[in-house]
Amino acid sequence: MRDRRRLLLLVLVTFAAAIAGVVIGRVYVVPVRPVENELHDLLHRDLKLNSAQHSRLETIEKNYAIRRQALEAELRADNARLAEAIEAEHGYGPQVATAVDRSHQAMGALQKETLEHIFAMRAVLRPDQTDKFDDAVVKALTAKSE
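It should be emphasised that the depicted structure is a prediction, and the values quoted were computed from it without experimental measurement. (Residues numbered from 1 in each chain as written. Predicted model: local features only at pLDDT ≥ 70, side-chain atom pairs only at ≥ 80, totals over all residues. Heavy atoms only, no water.)

Some words on the overall build of the protein
So the rule is basically this: Strands here mean DSSP runs of E at least two residues long; helices mean DSSP runs of H or I at least four residues long; both are numbered from the N terminus. For each residue, the accessible area found with a 1.4 Å probe, counting protein chains only, is set against the maximum for its type, and the residue is called buried under 20%, exposed over 50%, and partly exposed in between. It only takes one pair of heavy atoms within 4.5 Å for two residues to be counted as in contact. Note on areas: Shrake-Rupley with a 1.4 Å probe; residue coverage comes only from the protein chains shown.
Scanning the protein from N- to C-terminus turns up 5 helices and 0 strands. Counting only residues that meet the buried cut, the protein has 25% of its 146 residues in that class. Considering only contacts in the protein between residues 6 or more positions apart, those separated by 24 or more positions represent 67%. Summed over its atoms, the accessible surface of the protein is roughly 11,200 Å², and 59% of this surface lies on carbon and sulfur atoms.

This is the structure in structure tokens:
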């Protein structure tokens, strides 16, 4: 009977520790926000944009969203081809190498598209707004992951 009580106590303590871990994680661990979210918040909250700027940025953001979705679909297709190549070769063979190279090209295209988007947004800003924007971009690109 004594062993059952110890086991029950151990189970309860383990459960309480797990719940505490989840609560602490949800309260104190903040997920890293994507660069786009930080820049979007800066643009629409901190830079005091005028209506013409808002309108131009909205168009830029819509166009980027369409292009980004297409590139992300291409990346998913490349990942599927990579999976097929891995399944066929069971090692790093020519099909896998080709699939990796193709995937890297799509990733590069997405990165270039994102940078063009950032520079297009910057071009909408007044000179008194660009310093904050530039600082946010540099901070986002040099932030250390934890």
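As for the environment of T98
Mapped onto the fold, T98 is located in helix α4 (residues 94-124). Once the C-alpha coordinates of T98 and L82 are considered, the two residues, 16 residues apart in sequence, prove to be 8.5 Å apart.

With respect to the pattern of salt bridges
Put simply, the rule reads: Salt bridges are defined as contacts in which a side-chain nitrogen from Lys or Arg sits within 4 Å of a carboxyl oxygen from Asp or Glu.
This structure, assessed with the given rule, holds 7 salt bridges. Between R81 and D78 there is a salt bridge whose closest N-O contact spans 2.5 Å. Of the two residues, R81 and D78 both sit in helix α3 (residues 51-89), 3 residues apart, roughly one turn of that helix. A salt bridge links R126 to D128; the nearest nitrogen and oxygen atoms lie 3.1 Å apart. Exposure remark for R126: the relative accessible area of 31% places this residue in the partly exposed category. Each of D78, R81 and R102 takes part in a single network of salt bridges with overlapping partners.

Notes on the packing of α3 against α4
Going by this rule: Only the stretch in contact is used when a helix axis is fitted, and all axes are lines through C-alpha atoms; the angle between N-to-C directions ranges over 0 to 180 degrees. An angle below 35 degrees is read as roughly parallel, one above 145 as roughly antiparallel, one from 65 to 115 as roughly perpendicular, and any other as oblique. By the convention adopted, Pro, Cys, Tyr, Trp, Phe, Met, Ile, Leu, Val and Ala count as nonpolar, Lys, Arg, Asp and Glu as charged, and the other residues, Gly among them, as polar.
With their axes 9 Å apart at the nearest point, α3 and α4 run at an angle of 170° to one another. The angle between α3 and α4 falls in the class roughly antiparallel. The class makeup of the residues in the contact of α3 with α4 is 21 nonpolar, 6 polar and 11 charged.

Some thoughts on the side chain of E61
The condition that has to hold: Under this rule, positive means Lys or Arg and negative means Asp or Glu; His and the chain ends count for nothing.
Structurally, the position occupied by E61 is in helix α3. Buried charge without a salt bridge: E61, with K62 as the nearest opposite-charge side chain at an N-O distance of 8.9 Å. In this structure, E61 is in contact with H40, H44, H117 and M121, ignoring residues within four places of it in sequence.

Points about the nonpolar core
As a rule of thumb, soluble globular proteins bury nonpolar side chains together. Operational definition: Put simply, a nonpolar core is a bunch of buried Ala, Val, Leu, Ile, Met, Phe, Trp, Tyr and Cys residues held in one set by side-chain atoms that sit within 4.5 Å of each other.
In this structure, L39, L43, L57, M121 and F133 are the most contacted members of the largest nonpolar core, which totals 14 residues. Counting 5 residues, the second largest nonpolar core, distinct from the first, contains A85, V96, A99 and V100.

What about α3?
Stated formally: Expected helix span is given by 1.5 Å per residue-to-residue step, counting one fewer step than there are residues. Two N or O atoms count as a polar contact when they lie within 3.5 Å, although within protein this holds only if one can serve as hydrogen donor and the other as acceptor, and sequence-adjacent residues are included solely when both atoms are side-chain atoms.
End to end, α3 covers 56 Å across 39 residues, agreeing with the expected 57 Å (1.5 Å per residue, within 8%). Buried residues of α3: Q53, L57, I60, E61, Y64, L71, L75, D78, L82 and A85, and no others. For α3, the N-terminal capping position is held by N50, with its side-chain oxygen 3.1 Å away from the main-chain nitrogen of A52. Trailing α3 by a residue or two, H90 shows a phi angle of about 55°, which is positive.

Considering the packing of α4 against helix α5 (residues 127-142)
The following threshold applies: Crossing handedness: left-handed means the near helix sits turned counterclockwise from the far one by under a right angle, and right-handed means the same turn made clockwise.
Contact geometry of α4 with α5 gives a least axis separation of 10 Å together with a crossing angle of 160°. Classified by the angle their axes make, α4 and α5 are roughly antiparallel. By crossing handedness, the relation of α4 to α5 is classed as right-handed. Residues I118, M121 and R122 of α4 form the contact with α5, whose own contacting residues are T130, F133, D134 and V137. Per-class residue counts for the contact of α4 with α5 are 4 nonpolar, 1 polar and 2 charged.

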